[in-house]
Every structure is written in structure tokens, then in C-alpha cells.
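Report on the structure
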Amino acid sequence: MREPAEFTGALGHIPGARNLPMTELSSRVSELAGLERTSLVLVCRTDKRSATAARLLREAGFAHVAVLRSGMEQWNKEGLPVEADGA
């Protein structure tokens, strides 16, 4: 849900995460085809964009969508693992 510079920037991203920026979600939702029954956890800097994206994905037929509350800010605050710098 984050822009590319955010995904690889100071807060980094969760190892193994896949980035679909919120601004591109509508045009790229087809990339998630086949994952409609898979549990998806959406992450942004805090959780605002992820909540909006979760709503859109549910409307598109994705039944198991969750939002990481407080996003990457909280993930980093907890000292959990991240990747950054173009990873």
C-alpha cells in the first residue's frame, strides 16, 4: 500500500512483503488473482491507506483481508525485522 520510495526507505518493509502502492491498486488487483481465499495482511506507514485498500479488496472478492494496525511505524518501534534499500 506504500509508494516505492517508502517501501525501500527509512521504515523499510517486512521481509517477504510484496508492494502494491495504493495509487496503483485498482489497476493491479488482477496481480492478486488466485489469492481470493488466501489471508492477506495489508501494511502501510500507519494503517490508514491499508484500511482503504482492505475495503477495496473485500469489494473485489477477497474474503480474508487484515490490516496491520499502526503499520510500519509500530513494526519498527517493536524492533521487528525489516528490509530496506531496494530490497
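As a starting point, this report considers the structure included with it. (Residues numbered from 1 in each chain as written. Predicted model: local features only at pLDDT ≥ 70, side-chain atom pairs only at ≥ 80, totals over all residues. Heavy atoms only, no water.)

1. Thoughts on the overall build of the chain
Along its length, the chain carries 4 helices and 2 strands. Put simply, the chain runs from its N terminus to its C terminus through helices and strands in the order α-α-β-α-β-α. What you see for the chain is a C-alpha radius of gyration of 12 Å, in line with the 12 Å of a compact globule of 87 residues. Across its three principal directions, the C-alpha atoms of the chain cover 35 × 20 × 20 Å. (Helix = DSSP H or I, 4+ residues; strand = E, 2+ residues; numbered from the N terminus. Rg over C-alpha atoms; globule rule 2.2 N^0.38 Å.)

2. Overview of the environment of His-64
Looking at the element boundaries, His-64 is found in the loop between helix 3 (48-59) and strand 2 (65-67). Once the C-alpha coordinates of His-64 and Leu-40 are considered, the two residues, 24 residues apart in sequence, prove to be 6.2 Å apart. Look past the residues within four positions of His-64 in its chain and what remains in contact with it is Glu-36, Arg-37, Thr-38, Ser-39 and Leu-40. (Contact = heavy atoms within 4.5 Å.)

3. Focus: the side chain of Ser-50
Take Ser-50: it is sitting in helix 3. According to the relative accessible area criterion, Ser-50 is buried, its value standing at 0%. Looking at Ser-50, its side chain comes within polar contact range of the main-chain nitrogen of Val-43, at 3.3 Å. The contacts of Ser-50, once residues within four sequence positions are left out, are Met-1, Leu-42, Val-43, Cys-44 and Val-67. (Buried < 20%, exposed > 50% of the residue type's maximum accessible area, 1.4 Å probe, protein only. Polar contact = N/O pair within 3.5 Å; in protein donor to acceptor, adjacent residues only side chain to side chain.)

4. Structural notes on the pattern of salt bridges
One pass over the structure, following the stated rule, counts 6 salt bridges. Between Arg-18 and Glu-31 there is a salt bridge whose closest N-O contact spans 3.3 Å. Within this pair, whereas Arg-18 is found in the loop between helix 1 (4-7) and helix 2 (25-28), its partner Glu-31 is found in the loop between helix 2 and strand 1 (40-42), the two being separated by 13 residues in sequence. The exposure class of Glu-31 is partly exposed, given its relative accessible area of 35%. Three or more residues are tied together by salt bridges with common partners; here these are Arg-18, Glu-24, Arg-28 and Glu-31. (Salt bridge = Lys/Arg side-chain N within 4 Å of Asp/Glu carboxyl O.)

None of this, on its own, says anything about what the molecule does.
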